[in-house]
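An overview of the molecular structure
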Amino acid sequence: MNVELETILQKLKKINDKIEKVSKQWGILKHEYRSNKDPQIRKEIKEKWDDLQKEMEDLEKERRRITEQKNEIEFKSKWKGWK
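Residues numbered from 1 in each chain as written. Predicted model: local features only at pLDDT ≥ 70, side-chain atom pairs only at ≥ 80, totals over all residues. Heavy atoms only, no water.

**As for helix H2 (residues 39–82)**
The terminal C-alpha atoms of H2 lie 63 Å apart, and with 44 residues this matches the ideal 64 Å at 1.5 Å per residue to within 8%. Three or more residues of H2 are buried, namely Ile 45, Leu 52, Met 56, Leu 59, Ile 66, Lys 70 and Ile 73. Turning to H2, the residues buried within the fold contact helix H1 (3–35). (Helix = DSSP H or I, 4+ residues; strand = E, 2+ residues; numbered from the N terminus. Expected span 1.5 Å × (residues − 1). Buried < 20%, exposed > 50% of the residue type's maximum accessible area, 1.4 Å probe, protein only. Contact = heavy atoms within 4.5 Å.)

Next comes the structure, spelled out in structure tokens:
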């Protein structure tokens, strides 16, 4: 396997792990938000939720970028095989 492709796949795995971690944190915050009636605490939870939302968007952009790189490398290697 191409060394560059292996590096890209490792980066992709790390990003996917981070996305999974953020998703779990979302679940916890969702439960805390629903179980709490205090408006101040709900506001704090909402702020954390918004921060996680921004982090998730950034991670998804990074994952798309890495996936595009991976696809480009795979395409080039297949194209060289056809020649």
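**Section: a positive patch on the surface**
On the surface, a cluster of positive charge is contributed by Lys 11, Lys 14, Lys 18 and Lys 21. With respect to the secondary-structure elements, Lys 18 resides in helix H1. On the basis of relative accessibility, which here comes to 48%, the residue Lys 18 falls in the partly exposed class. (Patch = residues over 30% accessible without salt bridge, like charges linked within 9 Å, V, L, I, M, F, W, Y side chains within 5 Å. Areas by Shrake-Rupley, 256 points an atom, 1.4 Å probe, with all protein chains shown as cover. Salt bridge = Lys/Arg side-chain N within 4 Å of Asp/Glu carboxyl O. Lys, Arg positive; Asp, Glu negative; His and termini not counted. Charge placed at Lys NZ, Arg CZ, Asp CG, Glu CD.)

**Quick word on the pattern of salt bridges**
Within this structure, the stated rule accounts for seven salt bridges. Lys 54 is the partner of Asp 58 in a salt bridge, and the nearest nitrogen-oxygen pair spans 3.6 Å. Placement of both Asp 58 and Lys 54 in helix H2 is noted, with a separation of four residues, approximately one turn of the helix. Between Arg 65 and Glu 62 there is a salt bridge, with the nearest N and O atoms lying 2.5 Å from each other. You can see Arg 65 and its partner Glu 62 sitting in helix H2, three residues apart, about one turn around the helix.

**Regarding the packing of aromatic side chains**
Per the stated rule, a full pass over the model turns up one aromatic pair. For the pair Trp 26 and Trp 49, a centre-to-centre distance of 5.5 Å together with 20° between the ring planes defines the contact as stacked. Of this pair, Trp 26 sits in helix H1 while Trp 49 sits in helix H2, and the two are 23 residues apart along the sequence. Judged by relative accessible area, which is 28%, Trp 49 ranks as partly exposed. Lying over the aromatic face of Tyr 33, Arg 42 brings its terminal NZ or CZ to 4.0 Å of the ring centre. (Phe/Tyr/Trp six-rings, centres within 6.5 Å; stacked < 30°, edge-to-face > 60°. Lys NZ or Arg CZ within 6 Å of the ring centre and 35° of its normal.)

**Some words on H1**
With 33 residues, H1 should reach 48 Å at 1.5 Å per residue; the first-to-last C-alpha distance of 49 Å fits that figure. The set of residues buried in H1 consists of Leu 5, Ile 8, Leu 12, Ile 15, Ile 19, Val 22, Trp 26 and Leu 29. For H1, the elements touching its buried residues are H2.

**Thoughts on the packing of H1 against H2**
It is the contact of H1 with H2, at a shortest axis distance of 9 Å, that shows an interaxial angle of 160°. Classed by the angle they form, the pair H1 and H2 counts as roughly antiparallel. Between H1 and H2 lies a crossing whose hand is left-handed. For the contact of H1 with H2, the class distribution of residues is 17 nonpolar, six polar and 13 charged. (Axes fitted to C-alpha atoms, helices over the stretch in contact; angles between N-to-C directions. Parallel < 35°, antiparallel > 145°, perpendicular 65-115°, else oblique. Left-handed = near helix turned anticlockwise from the far one by under 90°. Nonpolar A, V, L, I, M, F, W, Y, C, P; charged D, E, K, R; others polar.)

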